[in-house]
Every structure is written in structure tokens, then in C-alpha cells.
Amino acid sequence: MHIRLSPKAEEKLRYLRLKFLPRTLFFRTMLLIFVPLIVVQIVSVVVFFDGSWSRMGRRLSENLAADMSFIVDASQQNIKKMPEIQQKAEKILGIKTEYYDNEHKYQEINKAHKGSKLVVGYLESALAEKFPTAEKEVWLNKDESLLIVLVNTDNGLYKFETPKKKIFSSSIFMFVVWMVGTSILLFLVAVLFLRIQVRSIARLAEVAEDFGKGIDNNDFKPSGSSEVRKAAIAFIKMKERIQRQISERTQMLAGVSHDLRTPLTRMKLQASMLPDGEDKKDFLSDVDEMEKMLDGYLAFVSGEAGEKSSFVDMNEMILSILNKFRNKKALIRYATNDEVSAIQGREQALKRALTNIISNAFRYGNTIAVKLESNDKKLWVAIEDDGPGIPKEKREDVFKAFYRIEKSRNKETGGVGLGLSIAKDVVTSHGGTIELDDSEMGGLKVLISIPL
């Protein structure tokens, strides 16, 4: 029977799973091993206690209580034969017996201490059945090797001493120790085995993440189980195909760039020979616009494919970018953050992404604020301006290639609609995110997050 939960109940169940279940494969697998192991151990101990141990302890205690009852009955029939009964009880039954008449039964007796219910519980129950009207006490001596049983009858007090092993076997503790010991050994073996298996999966994930950031781990070799090795080999082949495609694309674009720039240069030379006038000015302007579009397109599709990853000082990079705009008529707010460590990435790609965003801020705003923060896991760069901003319904579209809020490609605003597209492509390739939001300064806020 399938029970269909409401969307709210499913959401709550999903939340509880995420909250209480371990997140990593290692601890989830250990949970699958450890919980059944504990359950099996508990069930085994309970079944052993409730079956073999309790049945054996009950029978031994009933036999001992019956022997003591026989000694009491025999002595009360003829108290004069008590010395003979004591001698035979100790020799045959292994029970040392002492008798105190009513005049001496209240003398001080060394009882040592009470035994636990686990040891004397069944014996106390058996004595209650054999001596329903007499007062009964069960004690252990100091080293807990002897049982001391006191039975106070109307005719006198009987003190019995017998080895504890008559009703209790220490093998129960050996059984529990054996079970716990083997479980711990199995758990340690499982931990070592899983660490080896999980290490290969974690290494594959790390290499895949580094490849997405532009870091090429050439020393990576498949390891682990056959499934993990197969996934690693498939990843290596995929990486080689992607690198080959990027290389072929870059070479093709380099040829396209050369082929297109040659006629554009020839057109410039021919236009320079034309008489001055509005037609010449418009023609040269169109040629410049075509060059700008060509440069932007090549920059967008190339993606700095050939650049190697290195450690980049973000403070120094942002300062170098801002220094290029010092001659702009805009107020710049930036305070260096010495606590931010260098990050690993492609320096030129990151510089180009930040330059695109900062140049947009200078293009549309009069006051620009740049803030740099980080913790142990991530680095944030916030770029704000007091310009007109971007409407919320268009903030996703501006990341599309060649998309511009201004429909006409006028020459005053500049650009071909690739600045934010390139920036998002670079940030995403470093494993980060880029978001647009309203700035407290009244304009646009661009928040870049990159994992360390």
C-alpha cells in the first residue's frame, strides 16, 4: 500500500533527512554498517540472557535451594544428628552448614555484602518457594567467591556457605566480551576498507572540480574499485576530448580573426583616401564598431583556454584595475583587505571579468564602491554604483551573449553585450557564482563569490 504524503509533509521529511543523516558517503556507509551491527548485538545478548542464561541460572538456583531445604528438613527431624548432617552436606553437596539455636542465632555474623540481582536474583526466588515462612538473606563474601545464605526458621538459624559458581558462571562476561571485541574488530576493518574506497571517489571529485577551475592534474591515475576506475577513465577521456575541442576551436578562431582583420584593415586604408565628410566619418565608425564586435566575440568564445592556473593576489588585482579608471570623473571607494589570502585561478581571466564589471560601474555611475571579504571557504567581491541600475526582470537576460538593455548599438554607451557574459563564464569556470542586486547607493550591486 502506497501512502501519498502532502507536499508540506514531504518537505518536512526531506528536511529531517538532511538534518539528521550524515552528508558524506563515508559516514552514511558507516551508519549502514554500524546500526545493524549494534542491533544484532543487542538482539543476540537479549536472546542469550532470556534463553540459555536465565534458564540455566534458574535451574541451578532451584537445585541449590532444594539441597538447602533437604538439609533443614533432615536436621529438624533429629537435631542431634546435626554434626553428621553438616559433614555429609559439605562432602557430598559442597555446602558448608552452620546451625544456631534460638539462644545464639542473633550473634554477629560476618555477611560481607549483598550480591547483585544478576548473580543472586534467581536464588532468592527459589528460596522464597522452598522457605515461604522463614526469613531469608543472600550475601557474598569479600572476594565474591562464596555465597552466604541465612535461613531463619522457628527452630533456629541456618547459615550456608557454598561456591558462587554453583549458581553463576562467569562465561557470560566472556561471551559479551567476545561479541563486543569481534564487533569492534569488524568495525575497524570496515573503516579502513571504506576509507580506501572513499578516498578514490573523493580524489576523482577533486580532480573534476579542479578541471572546472582550469587546474590540470596530470598526475591523476584511476584507483579504487572497478566502478570507480571506470568512472575515472571515462572522466580522463572526456577531459581529453574537451581539451582537444577547445584547442581546435581556439586555432579556428585565430584563423578567423586573421582572415577578418585583413579586409577590415584594407577597408580602413581605402576609406582614409576618401574625401573628408560625414560619409567617411560614418564609414570609419562602422569599421571600428566591427573591430570592436570581433574582439568581443573572440574574447567571449576563447575563454582564456590556454591560460594556466596560479595564485592570484585579489587585493593587488583590484587596485591595478581601479588605477586605470583614476582619470574618470567618479568617486572610488575601496579599502584593501589584508586578511584575504591569494586564491588559485586564471589571473588574466579573473582580471578581465572584474574589469568588465568595474568598467560598467564607471560607465553608468558617479560613485563606485568595491568591497573584498573572505572566510575559510569563500571569497566575495562586491561592486556597487549609484547609476540607474538594471530592472529585476532583466537581470537574468543581461548575462546572455550579445544582449543589451539598449536595443540600438549606439556609440555613446559602447560595448556589444558581452561584458557580463564573459564575467559570468569566468566566475562559473572557477566554481563561483555572480549575482545582481539593488545597491544601497541606489544603483546596481554585483556580488561575486569564489570558493577558496
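Below you will find a few notes about this structure. (Residues numbered from 1 in each chain as written. Predicted model: local features only at pLDDT ≥ 70, side-chain atom pairs only at ≥ 80, totals over all residues. Heavy atoms only, no water.)

Describing the packing of helix α9 (residues 347-364) against helix α10 (residues 419-429)
Close contact between α9 and α10 brings their axes to 9 Å; oriented N to C, the two are set at 145°. α10 is crossed by α9, and the crossing has left-handed handedness. Contacts between α9 and α10 involve Ala349, Leu350, Arg352, Ala353, Asn356, Ile357 and Asn360 on the former and, on the latter, Gly419, Leu420, Ile422, Ala423 and Val426. (Axes fitted to C-alpha atoms, helices over the stretch in contact; angles between N-to-C directions. Helix = DSSP H or I, 4+ residues; strand = E, 2+ residues; numbered from the N terminus. Left-handed = near helix turned anticlockwise from the far one by under 90°. Contact = heavy atoms within 4.5 Å.)

Some remarks on the pairing of strand β7 (residues 331-334)
Residues Ile332 and Tyr334 of β7 are buried on one face, while the alternating residues Leu331 and Arg333, pointing to the opposite face, are not. In the sheet, β7 pairs with strand β9 (residues 367-374) via 4 bridges, with the strands oriented parallel. Bridge pairing in β9 links Tyr334 to Val370. (Buried < 20%, exposed > 50% of the residue type's maximum accessible area, 1.4 Å probe, protein only. Pairing = 2+ DSSP bridges.)

Digging into the sheet that holds strand β11 (residues 433-438)
One open sheet accounts for 5 strands, arranged β7-β9-β10-β12-β11; its pairing is mixed. The sheet is open, and its two edges are formed by β7 and β11, each paired on a single side. Neighbour-to-neighbour, the strand axes of this sheet turn through a mean angle of 15°, independent of strand direction. Relative to strand β10 (residues 378-385), α9 is tilted by about 25°, and along the sheet it contacts β7, β9, β10, β11 and β12 (444-451). Strands in contact with α10 are β11 and β12; relative to β11, the strand with the most contacts, it is inclined by about 130°.

With respect to the pairing of β9
For β9 and β10, the ladder comprises 7 bridges, and the chain directions are antiparallel. Note on β10: the bridge partner recorded for Val370 is Ile383. Hairpin remark: β9 followed by β10, antiparallel, with 3 residues in the connecting loop.

Scope: geometric values only; no functional claims are made or implied.
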